[in-house]
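Coordinate analysis (summary)
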Amino acid sequence: MAYQLYRNTTLGNSLQESLDELIQCSSLGGFMTFTFSQSQQITPQLALQVLLQFDKAINSALAQRVRNRVNFRGSLNTYRFCDNVWTFVLNDVEFREVTELIKVDKVKIVACDGKNTGSNTTE
């Protein structure tokens, strides 16, 4: 099972909202003001399969395709290590890429072991 951390991103939330709409359309049937063809209605089981595939695909893509490096510096507010997951909260953080500098007030970083995805990784 892949980590489900990326379901809370903009892309993951949009996917979940779209799947919810498709599930609701199939359960409401003819009561909708617009009509969907039978192929645009899905079951909750199919929606779960789509989300699981999204988890696998996003984890794989980030592990294999992203090669950019970003340096960051900030003040450590809190940290925690629980269930093989590190969580850091930093204040007054500066992110630096080669020519860019971005400053933010607060950042939460969640770090999981990318090689040990066989355990229960639901957040």
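Residues numbered from 1 in each chain as written. Predicted model: local features only at pLDDT ≥ 70, side-chain atom pairs only at ≥ 80, totals over all residues. Heavy atoms only, no water.

As recorded in an unreviewed UniProt entry, the protein chain goes by the name Transcription initiation factor IIA subunit 2, listed as coming from Ceratotherium simum simum. As its UniProt record puts it under Sequence similarities (unreviewed entry), the protein chain is described as follows: "Belongs to the TFIIA subunit 2 family." Heading Subcellular location (unreviewed entry) of the UniProt record for the protein chain holds this comment: "Nucleus". (UniProt positions renumbered as here; feature names shortened; annotations may be inferred.)

A few words now on the pattern of salt bridges. Scanning all chains against the criterion turns up three salt bridges. Put simply, Glu94 and Arg96 hold a salt bridge, and the shortest N to O gap is 3.7 Å. Judged by relative accessible area, which is 45%, Arg96 ranks as partly exposed. Across the pair Glu94 and Lys103 runs a salt bridge, and its minimum N-O distance is 3.8 Å. Taking relative accessible area as the criterion, Glu94 reaches 25% and is therefore assigned partly exposed. Its relative accessible area of 59% is what places Lys103 among the exposed residues. By sharing partners, the salt bridges in this structure join Glu94, Arg96 and Lys103 into a single network. (Salt bridge = Lys/Arg side-chain N within 4 Å of Asp/Glu carboxyl O. Buried < 20%, exposed > 50% of the residue type's maximum accessible area, 1.4 Å probe, protein only.)

A few words on helix 2 (residues 44-65). The end-to-end C-alpha distance of helix 2, which contains 22 residues, comes to 31 Å, matching closely the 32 Å that a straight helix rising 1.5 Å per residue would cover. Restricting attention to buried positions, one finds in helix 2 the residues Ala47, Leu51, Phe54, Asp55, Ile58 and Asn59. The arc that holds the buried residues of helix 2, viewed along the axis, is 115 degrees, so those residues lie on one side. Facing away from the buried side of helix 2 by over 90 degrees, the exposed positions are Gln45, Gln49, Lys56, Ala63, Gln64 and Arg65. (Helix = DSSP H or I, 4+ residues; strand = E, 2+ residues; numbered from the N terminus. Expected span 1.5 Å × (residues − 1). Arc of directions from axis to C-beta.)

To continue, consider unusual backbone geometry. Of note, Asp83 is a non-glycine position whose phi angle comes to about 55 degrees, a positive value. Secondary-structure assignment places Asp83 in the loop between strand 1 (71-82) and strand 2 (85-96). Phi at Asp92 takes a positive value of approximately 50 degrees, unusual for a residue other than glycine. Position of Asp92 among the secondary structure elements: in strand 2. Note on Asp92: relative accessible area 56%, which makes it exposed.

To continue, consider the nonpolar core. Leu19, Ile23, Ile42, Ala47 and Leu51 form the largest nonpolar core, which has five residues in total. Listed by contribution, the elements that provide at least two residues to this core are helix 1 (10-28) and helix 2. Each residue touching Leu19, except ones within four places of it in the same chain, is listed here: Ile42, Ala47, Val50 and Leu51. (Core = buried A, V, L, I, M, F, W, Y, C linked by side-chain atoms within 4.5 Å. Contact = heavy atoms within 4.5 Å.)

Turning next to the confidence of the model for the protein chain. When pLDDT is averaged across the protein chain, the result is 83; 79% of the residues are at 70 or more. Low pLDDT, under 50, characterises residues 30-34; the stretch is placed with two contacts to residues that sit more than four places away or in other chains. Under a pLDDT of 50 for its full length, residues 117-123 has, in the predicted model, ten contacts with residues more than four places off or in other chains. (pLDDT = per-residue confidence, 0-100.)

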